[in-house]
Amino acid sequence: MSFISEIKRRRTFGIIAHPDAGKTTLTEKLLLFGGAIQEAGAVKSNKIKKGATSDFMEIERQRGISVATSVLAFEYEGTKINILDTPGHKDFAEDTFRTLTAVDSVIVVVDVAKGVEEQTEKLVEVCRMRNIPMIVFINKLDREGKDAFDLLDEVEQKLGLHVIPMSFPIGMGYDFKGIYNLWEKNINLFSGNSRKDIEETIEISDLNSKEIDELIGEKAANTLREEIELVEGIYPDFDREAYLNGDQQPVFFGSALNNFGVRELLDCFVEIAPKPRPKQSEERIVKPEEKDFTGFVFKIHANMDPNHRDRLAFIKIVSGMFERNKPYLHVRNNKKMKFSSPNAFFAEKKEIVDISYPGDIVGIHDTGNFKIGDTLTQGEIINYKGVPSFSPEHFRYINNADPLKSKQLYKGIDQLMDEGVAQLFTLELNGRKVIGTVGALQYEVIQYRLEHEYGAKCTYENLNVHKACWVEADDIKNDEYKEFIRVKARYLAKDKHDQLVFLADSPFSLQMTQQKYPSIKFHYTSEF
Ligand code: G4P
């Protein structure tokens, strides 16, 4: 197959959802269609169990699963599909944000009863900012839930999307009869038998045909006719360009657990979802079809065995072919490197691959050369943008608890930050180190891993910070900026890239500072 056909047949996406909406179940059913797994239950849920926050076995279990499910690739009717795992738990949101820089589209799973939940809102917002094409899957139709029109409204309002229903439920919960597929113009009857691979599909040429009354009963048939008329009246037609630009989001209804509505979703997905997209670098836009290889690191995973400190760096291929044993330029280090055993990931295994194409993810063994966001190329100086840091929610000083092990401590902190476990800020005033995290769980992970992998001990000390704001000033020589630096010296720190950060201790002080220094901009992310 030609290079161009290889690119065209790839679909790289992530499934985003609030925990429990059904991401794992849906992933598993998608893999079943691809024949990538043999039975249900093969995809492990990477959920953190409630109340298990201080259980290190749980953290280790989580890390193990998160390696296993980082990328799940499978073939479906000639399409190569790469699903990138996006943890739903809020303590791992940063990980998910970074993964979203490596996907070409997403599927958003919403629970029919719970509607739009908090994590979904945050993640969709990031996708919206990046104009990532999204398809919405409303799940658990076999349960009592919200009215379909109300849900569509909620998705539009809370998520700021423009929905286009591609299917519509016939009844719900106990009365759930099936789905009318507006995209293919047919009806799927729900039998509630998850073992069936494909549900009975009945082609419907005319919604007014009596056949429908026979299938689902007169009452349900009439309701369906009214609802479809409403749908067609309210929502515009599906426009693929609008979907690809992030201006329109198709919606499907179904039940992942019952494998219902999943095939329709998958079939539509492979048809409309984007092939690998061009990517903006600091220097220029890079197209997948370019012959020279480029790619970037979006995730680093430490070895599960603490005695071997090598790590897996996950690289998304943006352009060209990535070949085993070929020298590539590590742009930040200005160093050529060869990789003898790049891994590709398939549903239940990983294996060494000779060639990978744009859209693919390869995992390479790393002994500490890579940081998240690093770019690899065939020689050209390209730096991919778009792996930003977000302001953490929690901040603590980190102290060395074993003075004889300070070297180990700093090395450990350094490497854990490269992995993106948390963010390190160094105070300008006294050089003290502050660790910022999205969730409190990370502090335990860091302490545990520093001790078990690096032989270093640390303690924490609380620090009252509301948000970290990256500081942008057009003119650092003007008096306003100089005064800001002088007056706020106690609250200033540098991040790992030496960017200046203002650690505001309350929303009020942030607001006051913004008012007092109007020429300075304060950002919640490191990319602006
Ligand atoms: P997540 O990865 O998004 O966190 O969700 P996951 O797939 O683990 O699903 C969360 C729960 O919702 C699971 O039940 C799962 O079986 C259930 N579920 C998923 N899809 C459907 C559906 O279409 N209908 C119904 N009724 N339930 C669904 P659980 O009891 O928490 O877990 P388990 O013990 O069944 O694994």
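None of the values given here were measured: they were computed from a predicted structure.

Draft legend 1. Structural view of the overall build of the protein chain. Per the secondary structure count, the protein chain includes 14 helices and 31 strands. The burial tally for the protein chain puts 44% of its 528 residues in the buried class. The contacts of the protein chain with a sequence gap of at least 6 include a subset with a gap of at least 24, amounting to 72%.

Draft legend 2. Examining the environment of Arg-332 more closely. By the element assignment, Arg-332 lies in the loop between β17 (328-330) and β18 (335-337). In this structure the C-alpha to C-alpha distance between Arg-332 and Asp-111, which are 221 residues apart in sequence, comes to 43 Å.

Draft legend 3. Structural detail: the site of the ligand. Taken together, 19 residues sit near the ligand, with Lys-23, Thr-24, Thr-25, Ser-255 and Leu-257 positioned nearest. No other element matches helix α2 (residues 23-33), which puts 3 residues into the shell around the ligand.

Draft legend 4. Representation of the confidence of the model for the protein chain within the structure. Looking at the protein chain, the pLDDT average stands at 88 and 90% of residues meet or exceed 70. Across the protein chain, element-level confidence peaks in strand β5 (residues 134-139) with a mean pLDDT of 98 and bottoms out in helix α3 (residues 56-68) with 64.

Draft legend 5. Looking closely at the sheet that holds strand β7 (residues 167-170). Here 4 strands make up an open sheet; going across it, the order is β7-β8-β9-β10 and the pairing antiparallel. Single-partner strands in this sheet number two, and they are β7 and β10 (201-203). For this sheet the average axis-to-axis angle between neighbouring strands, irrespective of direction, equals 25°. In this sheet, strand β9 (residues 186-189) lies alongside strand β8 (residues 178-181) in antiparallel orientation, the contact comprising 4 bridges. The partner of Tyr-180 across the bridge, within β9, is Ile-187.

Draft legend 6. Representation of the UniProt feature "binding site: GTP" (unreviewed entry) in the protein chain within the structure. Taking the numbering used here, the UniProt-annotated feature "binding site: GTP" (unreviewed entry) corresponds to Asp-85, Thr-86, Pro-87, Gly-88, His-89, Asn-139, Lys-140, Leu-141 and Asp-142. These annotated residues cover 58 residues of sequence, and their C-alpha atoms reach 25.6 Å apart at the extremes, leaving them scattered rather than at a single site. In this structure, Pro-87 sits in the loop between β3 (79-84) and α4 (93-99). By the C-beta count within 10 Å, which is 23 here, Pro-87 ends up buried. Here Lys-140 is to be found in the loop between β5 and α6 (148-159). Contact partners of Lys-140, with chain neighbours within four places excluded, come to Gly-22, Asp-111, Val-112, Ala-113, Gly-145 and Ser-255.

Draft legend 7. Helix α11 (residues 406-418), seen in detail. For α11, which comprises 13 residues, the first-to-last C-alpha distance of 18 Å matches the rise-based estimate of 18 Å (1.5 Å per residue) to within 8%. If you check which residues of α11 are buried, you get Leu-409, Gly-412, Ile-413, Gln-415, Leu-416 and Asp-418. Where α11 is buried, its residues meet β14 (294-302), β24 (394-400), β25 (423-427), α12 (441-454) and β27 (458-462). Two residues or fewer past α11, Gly-420 is found with a positive phi of approximately 85°.

Draft legend 8. The arrangement of the pairing of strand β2 (residues 71-76) in detail. When β2 meets β3, the two strands line up antiparallel, connected through 6 bridges. Counterpart to Tyr-76 in the pairing with β3 is Thr-79. Connecting β2 to the antiparallel partner β3 that follows it, the hairpin turn spans 2 residues, and Glu-77 within it adopts a positive phi of roughly 45°.

Draft legend 9. View of the environment of Leu-500. Along the chain, Leu-500 turns up in strand β30 (residues 500-504). Taking the C-beta count within 10 Å as the criterion, Leu-500 has 16 such neighbours and is therefore assigned partly exposed. Between the C-alpha atoms of Leu-500 and Thr-27, which are 473 residues apart in sequence, the distance is 40 Å. Beyond its immediate stretch of four places on either side in the chain, Leu-500 contacts Val-471, Leu-492 and Lys-494.

Draft legend 10. How the structure looks around the pairing of strand β22 (residues 361-366). By the criterion of burial, β22 is predominantly enclosed, with 5 of the 6 residues buried. In terms of strand pairing, strand β15 (residues 311-319) meets β22 through 6 bridges, oriented antiparallel. Within the sheet, the bridge partner assigned to Arg-311 lies in β22 and is Asp-366.

Draft legend 11. Region of interest: unusual backbone geometry. Even without being a glycine, Glu-77 presents a positive backbone phi close to 45°. Mapped onto the elements of the fold, Glu-77 is located in the loop between β2 and β3. The backbone of Asp-498 sits at a positive phi, close to 70°, despite the residue not being glycine. You can see Asp-498 is positioned in the loop between β29 (492-494) and β30. A tally of 7 C-beta atoms within 10 Å means that Asp-498 is categorised as exposed.

Draft legend 12. Focus on the sheet that holds β30. If you trace the 8 strands from one edge of the open sheet to the other, you get β27-β24-β26-β25-β29-β30-β28-β31, paired in antiparallel fashion. Of all strands in the sheet, those bounded by a partner on one side alone are β27 and β31 (520-523). On average, each strand axis in the sheet is inclined to that of its neighbour by 40°, with strand direction left out of account. Strand direction decides the pairing type here: β24 and strand β26 (residues 433-437), joined by 4 bridges, are antiparallel. Note that in β26 the partner of Phe-395 across the bridge is Gly-436.

Draft legend 13. Molecular detail of the nonpolar core. Counting 101 residues, the largest nonpolar core has Val-106, Val-108, Val-136, Phe-137 and Ile-315 as the members making the most contacts within it. Counting contributing residues, this core receives three or more from each of domain 1 (3-168 + 236-272) and domain 2 (279-377). In contact with Val-108, not counting residues within four places along its chain, are Ile-16, Ala-17, Thr-120, Val-124, Met-134, Val-136 and Phe-137. If you look at the next biggest cluster of nonpolar residues, it comprises 29 residues, including Ile-413, Ala-422, Val-445 and Phe-484.

What counts and how
- Residues numbered from 1 in each chain as written.
- Predicted model: local features only at pLDDT ≥ 70, side-chain atom pairs only at ≥ 80, totals over all residues.
- Helix = DSSP H or I, 4+ residues; strand = E, 2+ residues; numbered from the N terminus.
- Buried ≥ 20, exposed ≤ 12 C-beta atoms within 10 Å, placed from the backbone.
- Contact = placed C-beta atoms within 7 Å.
- Near = placed C-beta within 6 Å.
- pLDDT = per-residue confidence, 0-100.
- Pairing = 2+ DSSP bridges.
- Axes fitted to C-alpha atoms, helices over the stretch in contact; angles between N-to-C directions.
- UniProt positions renumbered as here; feature names shortened; annotations may be inferred.
- Expected span 1.5 Å × (residues − 1).
- Core = buried A, V, L, I, M, F, W, Y, C linked by C-beta atoms within 7 Å.
- Domains from an automatic or database assignment.

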